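So the chains spell out like this:
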Amino acid sequence: MKSLILRQGRVIDPANRRDEIADLFIVDGKIAEAPHTTDGWTEIDCKGKVIAPGLIDIHVHFREPGQSAKETIATGSRAAAAGGFTTVVCMPNTTPSVDNPSVVALIQDKAKAEACVNVLVTGAITKGIAGEELAPIGSMHRAGVVALTDDGHCVQNHELMRRALEYARMFNLVVMDHCQDYNLVGKGVMHEGYWSAILGLPGWPALGEEIIVQRNAQLAELCQSPIHCQHLSSAGSVRILREARARGIPLTGEVCPHHIALTDESIRAFDTNFKMNPPLRAQADIDALIEGIADGTITILASDHAPHCAYEKEVEFDMAPFGILGLETELGLFLDILVHKRKAIDLPRLIELYTCNPAKLLNLDRGTLSTGAIADVTILDPNLEWTVDKEASFSRSRNTPFHGWQLKGRAIRTIVAGETVWSL
């Protein structure tokens, strides 16, 4: 038997409403009850640290198959482990896209052989993520996808989206949506407002997101099938989500760290590491997002980890791809901003947004420290001060706007099924 004791840490397990100083026992990769004797056990001193269920990020891009110059499952999983994440959910906009069981199996086999964390797969809503014809949802479900999404694109045909929801409900699958109305957004590359006018860049209006969030609220109500709105960025989206949830509509939303850490003013130097979709918005939007997290409207935090090659970003702002790295900085940013600086939420609430909430949304057997559960554990030091260094990243790419930032709080050890896969 492999036996491990995490000694005298602050055990925070929101799924069981547990918050206490205690030991945590792990036997053969599972959480165990206190034994009669601990002779011969391996011990890790966790005094002054937080012991949490393994963190889950439900929105990452690992780029395999087809785009391995940007990221691979091996490098992406190491970045996840270094960020404190034991489970990640990959988006399907690979090459080819994940729109059939064969590609699902390919990624699963690759992850089993090369990943150091749990890598789960989403299936595309439509074939080729083209928004024209439904992908084979039933066969992808049998192959093991945990959700459906056309992330990177948005289904514009409302009737097609309705049919996708009806099929997804048959298999108890959540549909996750990248909310973007193409006609309203046009060729926008940054938030439509003061700074887009000053910089002369095409604007991406907040309404281009909000109108799809409203569409999703109405379809979720009609079909009684859950929709999860990805990477929300605007005050209007938070308002729509809040009103929908108050009416009992099965609509949820997530927020990424860059959307509360940066505003559109950051783009004044035309640095393409600040280009993302949806774009950085105004301070009023940041305040609304944080309020939505604080009052329970927003129930999940995620990264939208989107690696790109350096040469792709080293072009004119209009021509550069959207997206930034996120896995190794997101926890530190959220701890620093939400818990320490803004004091919008406390530590147990932040852990809830990263563990039992995403596990519940996607029906995962993770996100808890219950006896008998798989021993995925993240050990945190919420007061550790550190500096972001992109050159020390485990990712294959370096496209982050946070290089040199001073943050407070980070993961210091990541344990998957009882085995340490990364430690500081």
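Anything mentioned here points back to the structure above.
Described below are features of the structure shown in this document. (Residues numbered from 1 in each chain as written. Predicted model: local features only at pLDDT ≥ 70, side-chain atom pairs only at ≥ 80, totals over all residues. Heavy atoms only, no water.)

### Concerning the side chain of aspartate 57
Mapped onto the elements of the fold, aspartate 57 is located in strand β6 (residues 55–60). No salt bridge is formed by the buried aspartate 57. Its closest oppositely charged neighbour is arginine 63, at 13 Å. A polar atom in the side chain of aspartate 57 sits 2.9 Å from the backbone nitrogen of histidine 59. The contact partners of aspartate 57, leaving out residues within four places of it in the chain, are Phe85, Thr87, Val88, Val89, Ala302, Ser303, Leu327 and Glu330. (Helix = DSSP H or I, 4+ residues; strand = E, 2+ residues; numbered from the N terminus. Buried < 20%, exposed > 50% of the residue type's maximum accessible area, 1.4 Å probe, protein only. Lys, Arg positive; Asp, Glu negative; His and termini not counted. Salt bridge = Lys/Arg side-chain N within 4 Å of Asp/Glu carboxyl O. Polar contact = N/O pair within 3.5 Å; in protein donor to acceptor, adjacent residues only side chain to side chain. Contact = heavy atoms within 4.5 Å.)

### Looking at the environment of alanine 284
Topologically, alanine 284 is positioned in helix α10 (residues 283–294). Relative accessible area serves as the criterion here: at 54%, alanine 284 is assigned to the exposed category. Sequence separation between alanine 284 and leucine 207 is 77 residues; the distance between their C-alpha atoms is 15 Å.

### Quick word on the sheet that holds strand β15 (residues 300–301)
On the basis of which strands lie adjacent, the open sheet formed by 5 strands has the order β9-β10-β13-β14-β15 and parallel pairing. Looking at which strands have only one partner, the edges of the open sheet turn out to be β9 (147–149) and β15. For strand β14 (residues 251–255) and β15, the ladder comprises 2 bridges, and the chain directions are parallel. When the bridges of β15 are listed, valine 255 appears paired with leucine 301. (Pairing = 2+ DSSP bridges.)

### Focus: the environment of glutamate 221
Relative to the helices and strands, glutamate 221 resides in helix α7 (residues 207–223). A residue is classified by how much of its surface remains accessible, and glutamate 221, at 33% relative accessible area, is partly exposed. For the pair glutamate 221 and tyrosine 311, spaced 90 residues apart in sequence, the C-alpha to C-alpha distance is 44 Å. In this structure, glutamate 221 is in contact with Arg247 and Ile249, ignoring residues within four places of it in sequence.

### Here's the deal with the nonpolar core
Val88, Leu148, Ile260 and Leu350 are the most contacted members of the largest nonpolar core, which totals 97 residues. The biggest single contributor to this core is helix α12 (residues 330–341), with 7 residues. Filtering out sequence-adjacent residues up to four positions away, valine 88 remains in contact with Asp57, Val60, Phe62, Ala80, Val117, Asn118, Val119, Leu120 and Leu327. The next biggest cluster of nonpolar side chains, apart from the first, holds 17 residues, and it includes Val11, Ala22, Leu369 and Val377. (Core = buried A, V, L, I, M, F, W, Y, C linked by side-chain atoms within 4.5 Å.)

### Side note on the pairing of β6
Within β6, 6 of the 6 residues are buried, which leaves the element mostly enclosed by the surrounding structure. Sheet analysis places β6 next to strand β7 (residues 85–90), joined by 4 bridges and oriented parallel. Counted as the bridge partner of aspartate 57 is valine 88 from β7. Viewed along the sheet, the connection from β6 through helix α1 (residues 73–82) into β7 turns out right-handed. (Right-handed = clockwise from strand over helix to strand, strands pointing away.)

### Side note on the packing of aromatic side chains
Enumeration according to the criterion identifies 5 aromatic pairs in this entry. The interplanar angle of 85 degrees and the centroid separation of 4.8 Å between the aromatic rings of phenylalanine 402 and tryptophan 405 together place this pair among those described as edge-to-face. With a relative accessible area of 1%, phenylalanine 402 lands in the buried category. Here a set of aromatic residues connected by ring pairs shows up, and it is made of Phe85, Phe334 and Tyr354. Geometry around tryptophan 386 places arginine 410 over its ring, the cationic atom sitting 4.1 Å from the centre. (Phe/Tyr/Trp six-rings, centres within 6.5 Å; stacked < 30°, edge-to-face > 60°. Lys NZ or Arg CZ within 6 Å of the ring centre and 35° of its normal.)

### What about the sheet that holds strand β8 (residues 118–121)?
The strand order β6-β7-β8 describes an open sheet built from 3 strands, whose pairing is parallel. Strand pairing shows two members of the sheet lacking a second neighbour, β6 and β8, which therefore form its edges. Direction aside, the axes of adjacent strands within the sheet are offset by 20 degrees on average. (Axes fitted to C-alpha atoms, helices over the stretch in contact; angles between N-to-C directions.)

### Notes on helix α8 (residues 235–246)
In this model, α8 (12 residues) spans 17 Å end to end at C-alpha, consistent with the 16 Å of a helix rising 1.5 Å per residue. Of all the residues in α8, the buried ones are Gly236, Ser237, Val238, Ile240, Leu241 and Ala244. Directly beyond the C-terminal end of α8, a positive phi value near 85 degrees is found at glycine 248. (Expected span 1.5 Å × (residues − 1).)

### Quick notes on the packing of α7 against α8
Between α7 and α8, the least distance of the axes is 9 Å, while the angle of their chain directions is 10 degrees. By the angle class used here, α7 and α8 are roughly parallel. Of α8, the residues touching α7 (which contributes Glu209, Glu210, Val213, Gln214 and Ala217) are Gly236, Ser237, Ile240 and Ala244. Tallied by class, the residues present in the contact of α7 with α8 amount to 4 nonpolar, 3 polar and 2 charged. (Parallel < 35°, antiparallel > 145°, perpendicular 65-115°, else oblique. Nonpolar A, V, L, I, M, F, W, Y, C, P; charged D, E, K, R; others polar.)

### So, the environment of leucine 222
One can find leucine 222 in helix α7. In the structure, leucine 222 is positioned 198 residues away from leucine 24 in sequence and 45 Å away in space, judged by C-alpha atoms.

### Considering the pattern of salt bridges
Under the defined criterion, the tally for this structure stands at 22 salt bridges. The residue aspartate 19 makes a salt bridge to arginine 10 at a minimum N-O spacing of 2.8 Å. Residue aspartate 19 is classed as partly exposed on the basis of its relative accessible area of 40%. Among the salt bridges present, the one from arginine 366 reaches aspartate 376, with a minimum N-O distance of 2.7 Å. One end of the pair, arginine 366, is in the loop between α14 (356–361) and β16 (377–387); the other, aspartate 376, is in the loop between α14 and β16, with 10 residues separating them in the sequence. Given a relative accessible area of 4%, aspartate 376 falls into the buried group. Linked by salt bridges that have partners in common, Glu159, Arg162, Arg163 and Glu166 make up one network.

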